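Structural overview for review
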Amino acid sequence: MDNDLRRAVVVTLGELGRSDDWRDRADAGHSLAGFAEMPEAVEPLLGLVLDPGDTFVTRQTAEGLLRRKDRAGLRLVASALAVADDNHADYIHTAIVDVFSIFSDDLEEALRLCEAMSGDPDDRVALGAGRLQESLAEIDPVLRPS
């Protein structure tokens, strides 16, 4: 893995995420989600999940983070949920349902990760993890193991 190239990609996507065009910001958020584990990606991703100009950007970025189905993605979504207004929270909730309504195993793992994050030393993450867990608990997945 070439960390310098990965950092350069994060910087470039961060710049794209500051575009005036909502389509550029949505593409940047969706793509930047793949780098959520990198500290340099955290602030740009939070800004895109809470995009003040277009909730499509919010939804695309949140969905990209959630589709990772890992702690890094869930942690960023939780952090955003802690401070999201009702409108942004609705679009984040839609992404949560879209990602976790199919496989029960994915939903159970996300619930487990949220439980662990509810004790996070960062109060914003802990609060958001509780909100994320509430949204996840409402989902009845389509496919369960036989």
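Residues numbered from 1 in each chain as written. Predicted model: local features only at pLDDT ≥ 70, side-chain atom pairs only at ≥ 80, totals over all residues. Heavy atoms only, no water.

1. So, the overall build of the protein
Applicable threshold: Segments assigned H or I by DSSP are reported as helices when at least four residues long, segments assigned E as strands when at least two residues long, and all are numbered from the N terminus. Both definitions apply: the radius of gyration is a C-alpha atom measure, and the globule rule equals 2.2 Å times residues to the power 0.38. The cut-offs for exposure are 20% and 50% of the maximum accessible area for each residue type, with area from a 1.4 Å probe on protein chains only; residues under the lower value are buried, those over the upper are exposed, and the others partly exposed. Contacts: residue pairs with any heavy atoms within 4.5 Å of one another. The method behind every accessible area is Shrake-Rupley, applied with a 1.4 Å probe, and residues are considered shielded solely by the protein chains displayed. Counted charges follow a simple rule, with Lys and Arg positive, Asp and Glu negative, and His plus the chain ends left uncounted. Lys charges are placed at NZ, Arg charges at CZ, Asp charges at CG and Glu charges at CD.
In terms of regular secondary structure, the protein is built from eight helices and zero strands. Along the protein, helices and strands appear, N-terminal first, in the series α-α-α-α-α-α-α-α. The C-alpha atoms of the protein give 15 Å as radius of gyration, which agrees with the globular expectation for 146 residues (15 Å, within 12%). For the protein, buried positions account for 45% of its 146 residues. Summarising the internal contacts of the protein: among those between residues at least 6 apart in sequence, 69% fall at separations of at least 24. For the protein, the exposed area adds up to about 7,600 Å²; of that, 51% sits on carbon and sulfur atoms. For the protein, the separation between the mean place of its 15 positive charges and that of its 29 negative charges on side chains is 2 Å.

2. Examining unusual backbone geometry
Positioned with a positive phi, Lys 69 is a non-glycine residue whose angle comes to about 55°. Assignment of secondary structure puts Lys 69 in the loop between α4 (55–67) and α5 (71–83). Relative accessible area serves as the criterion here: at 32%, Lys 69 is assigned to the partly exposed category.

3. What about the packing of aromatic side chains?
Filter applied, for reference: Pairing of aromatic rings covers Phe, Tyr and Trp, the last through its six-membered ring, and needs centres within 6.5 Å; plane angles under 30 degrees mean stacked, over 60 mean edge-to-face, and all others mean tilted.
In total, this model carries one aromatic pair according to the counting rule given. Ring centres of Trp 22 and Phe 56 lie 5.6 Å apart, and the angle between their planes is 90°; this geometry places the pair in the edge-to-face category. Of this pair, Trp 22 sits in helix α2 (residues 22–32) while Phe 56 sits in helix α4, and the two are 34 residues apart along the sequence. Looking at Trp 22, the relative accessible area reads 37%, which means it is partly exposed.

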